[in-house]
Amino acid sequence: MRYFCTLFDANYLIKGLAMLRSLREHCSEAVVYVLCMDLQTRELLEKLELPHVLCISLSEIETPDLLEVKPGRSVAEYCWTLSPCLPWYVLQNYAEVDSITYLDADLYFYSSLKPVFDEIGDASVAIIEHRFPQQFKHLEVRGRFCVEWVGFRRDEEGMACLKRWRDQCIEWCFYRLEEDRMGDQKYLDTWPRDFNSVHIIQHLGAGVAPWNFGQYCFEQREDGVLTVDSCPLIFYHFHQFQLLSNGRFDRISAAYKVLGKEPEAVYKQYEIAISSALHEIRRLAPDFQMGLKSVARIGAQRIAQALLPRIVKEWLKKFVNAV
């Protein structure tokens, strides 16, 4: 089996379901532990009866040290705090799990994951770079690696790395750059130096995202497979993708449009999956509206992203995350 874990609340349930469906389609041996951040998420996921999904409630994972720091962190910061706590919990409580991969809920899989796992081999830890192009190299100060795919093997080095990350995030995990830390992700910068068995994923089809797509050539083969520089696209990170209250989509932040037009076929397939996930959830909860964003609000946000100076945008992000 291949063991994964992820976390999301009702606001990310549509994206989370799309991710889970695509993962199972392209990794038939996948088993996913889902940390449900609220009761509605757990109830709906369990009603869907996905055979490869095991739900975990927030109360099951919240240790005294987590409960102590929770009041001082925004929702996003607390989710980041839990990023290492979830795989740690699974490895501590499920003896059959020999290795586990944490996944962000807004990923979507397009082809087999086998090439990535073949590449990782027996490494104790697996991480992936943001792969920023020159236009966004300044963002690397926030973290060279992206907490979208982080894998740990149940061996001495894998557990030591995961424990250190967990301890660090509980101690400090905020949306600000401070010394050598930023949220949950900048801690990863030192792993290749401090641990001997860390593999940095190289496959071009893994970790494609709005902040790096402009440096790749996307095509679709005759058999329908999407490729990135001739390599099969394995997963794309749909960062800041929004499903709007009018049923339409807002694909990409204005900031990323400097890289060019987003890959149409990649986004079109995701939009179909998102619409299908929403339809599936509404069969159980007809009035479900969580995660659907106001057209006016997203429009104003995109204008601000395009026109405001970076320092003002950073201040606004901090203000929004604090409330």
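Above this text is the structure in question.
Computed from a predicted model, the values in this text were never measured in an experiment. (Residues numbered from 1 in each chain as written. Predicted model: local features only at pLDDT ≥ 70, side-chain atom pairs only at ≥ 80, totals over all residues. Heavy atoms only, no water.)

Participant: Outline the sheet that holds strand 7 (residues 149-153), supporting the account with residue identities and numerical values.
Facilitator: The strand order 3-2-1-4-7-6-10 describes an open sheet built from seven strands, whose pairing is mixed. Every interior strand has two partners, whereas the edge strands, strand 3 (53-57) and strand 10 (198-200), have only one. On average, each strand axis in the sheet is tilted by 20 degrees relative to the strand beside it, whichever way the strands run. Bridge analysis of strand 4 (residues 99-103) against strand 7 gives five bridges, and the strand direction is antiparallel. If you follow Leu-103 over to strand 7, its bridge partner there is Trp-149. Strand contacts of helix 7 (residues 156-171): strand 6 (125-127), strand 7 and strand 10, with the helix running at about 130 degrees to strand 7, the strand carrying the most contacts. (Pairing = 2+ DSSP bridges. Helix = DSSP H or I, 4+ residues; strand = E, 2+ residues; numbered from the N terminus. Axes fitted to C-alpha atoms, helices over the stretch in contact; angles between N-to-C directions. Contact = heavy atoms within 4.5 Å.)

Participant: Help me get a handle on the packing of aromatic side chains, residues and values and all.
Facilitator: Taken as a whole and judged by the stated rule, the model has 23 aromatic pairs. Geometrically, the ring pair formed by Phe-152 and Trp-165 is tilted, given 6.0 Å between the ring centres and 35 degrees between the ring planes. With a gap of 13 residues between them, Phe-152 in strand 7 and Trp-165 in helix 7 connect regions that are remote in the sequence. Judged by relative accessible area, which is 0%, Trp-165 ranks as buried. Linked through ring pairs, Tyr-108, Tyr-110, Tyr-236, Phe-238, Phe-241, Phe-249, Tyr-267 and Tyr-270 together constitute an aromatic cluster. (Phe/Tyr/Trp six-rings, centres within 6.5 Å; stacked < 30°, edge-to-face > 60°. Buried < 20%, exposed > 50% of the residue type's maximum accessible area, 1.4 Å probe, protein only.)

Participant: Could you give an account of helix 1 (residues 13-26), naming the residues involved and the relevant values?
Facilitator: Its 14 residues place the ends of helix 1 20 Å apart at the C-alpha level, agreeing with the 20 Å of an ideal helix rising 1.5 Å per residue. Here helix 1 has its buried residues at Leu-13, Ile-14, Lys-15, Gly-16, Leu-17, Ala-18, Met-19, Leu-20, Ser-22 and Leu-23. (Expected span 1.5 Å × (residues − 1).)

Participant: Please provide a residue-by-residue account of the pattern of salt bridges, values included.
Facilitator: Under the counting rule described, the total for this entry stands at 21 salt bridges. In this structure, the salt-bridge partner of Arg-176 is Glu-178, at a minimum N-O distance of 3.1 Å. Judged by its relative accessible area of 24%, Glu-178 falls in the partly exposed class. A salt bridge links Asp-223 to Arg-221, with the nearest nitrogen and oxygen atoms 2.9 Å apart. (Salt bridge = Lys/Arg side-chain N within 4 Å of Asp/Glu carboxyl O.)

Participant: With reference to specific residues and values, describe the environment of Asn-11.
Facilitator: Secondary-structure assignment places Asn-11 in the loop between strand 1 (2-8) and helix 1. Residue classification places Asn-11 among the partly exposed positions, given a relative accessible area of 38%. For Asn-11, the side chain forms a polar contact with the main-chain nitrogen of Gly-291, separated by 3.4 Å. (Polar contact = N/O pair within 3.5 Å; in protein donor to acceptor, adjacent residues only side chain to side chain.)

Participant: Describe the side chain of Thr-41, naming the residues involved and giving the relevant values.
Facilitator: Residue position: Thr-41 is located in helix 2 (residues 39-48). Residue class for Thr-41 comes out buried when judged on its relative accessible area of 0%. Side-chain polar atoms of Thr-41 contact the side chain of Asp-38, separated by 2.6 Å. Thr-41 has contacts with Phe-8, Asp-9, Ala-10, Leu-13 and Cys-36, leaving out every residue within four places of it along the chain.

Participant: Residue-level account of the packing of helix 5 (residues 75-93) against helix 7, with values.
Facilitator: Two elements in contact, helix 5 and helix 7, have axes whose closest approach is 8 Å; the angle formed by their N-to-C orientations is 140 degrees. Looking at the two axes, helix 5 sits oblique to helix 7. As helix 5 runs across helix 7, the sense of the crossing is left-handed. Across from Trp-80, Thr-81, Ser-83, Pro-84, Cys-85, Pro-87, Trp-88, Leu-91 and Gln-92 in helix 5, the residues of helix 7 making contact are Met-159, Leu-162, Lys-163, Trp-165, Arg-166, Cys-169 and Ile-170. (Parallel < 35°, antiparallel > 145°, perpendicular 65-115°, else oblique. Left-handed = near helix turned anticlockwise from the far one by under 90°.)

Participant: Go over the packing of helix 2 against helix 9 (residues 264-284), please, and point to the residues and values.
Facilitator: It is the contact of helix 2 with helix 9, at a shortest axis distance of 10 Å, that shows an interaxial angle of 95 degrees. Relative to helix 9, the element helix 2 lies roughly perpendicular. In this structure, helix 2 contributes Leu-44, Lys-47 and Leu-48 to the contact, and helix 9 contributes Glu-280, Ile-281 and Leu-284.

Participant: Account for helix 2, naming residues and giving values.
Facilitator: Of all the residues in helix 2, the buried ones are Thr-41, Leu-44, Leu-45 and Leu-48. Viewed along the axis of helix 2, the buried residues span an arc of 100 degrees, placing them on a single side of the element. Turned more than 90 degrees off the buried face of helix 2, the exposed positions are Leu-39 and Lys-47. In this structure, the buried side of helix 2 is in contact with strand 1, helix 1, strand 2 (30-36), strand 3 and helix 9. The positive-phi residue at the C-terminal boundary of helix 2 is Glu-49, with phi of around 55 degrees. (Arc of directions from axis to C-beta.)

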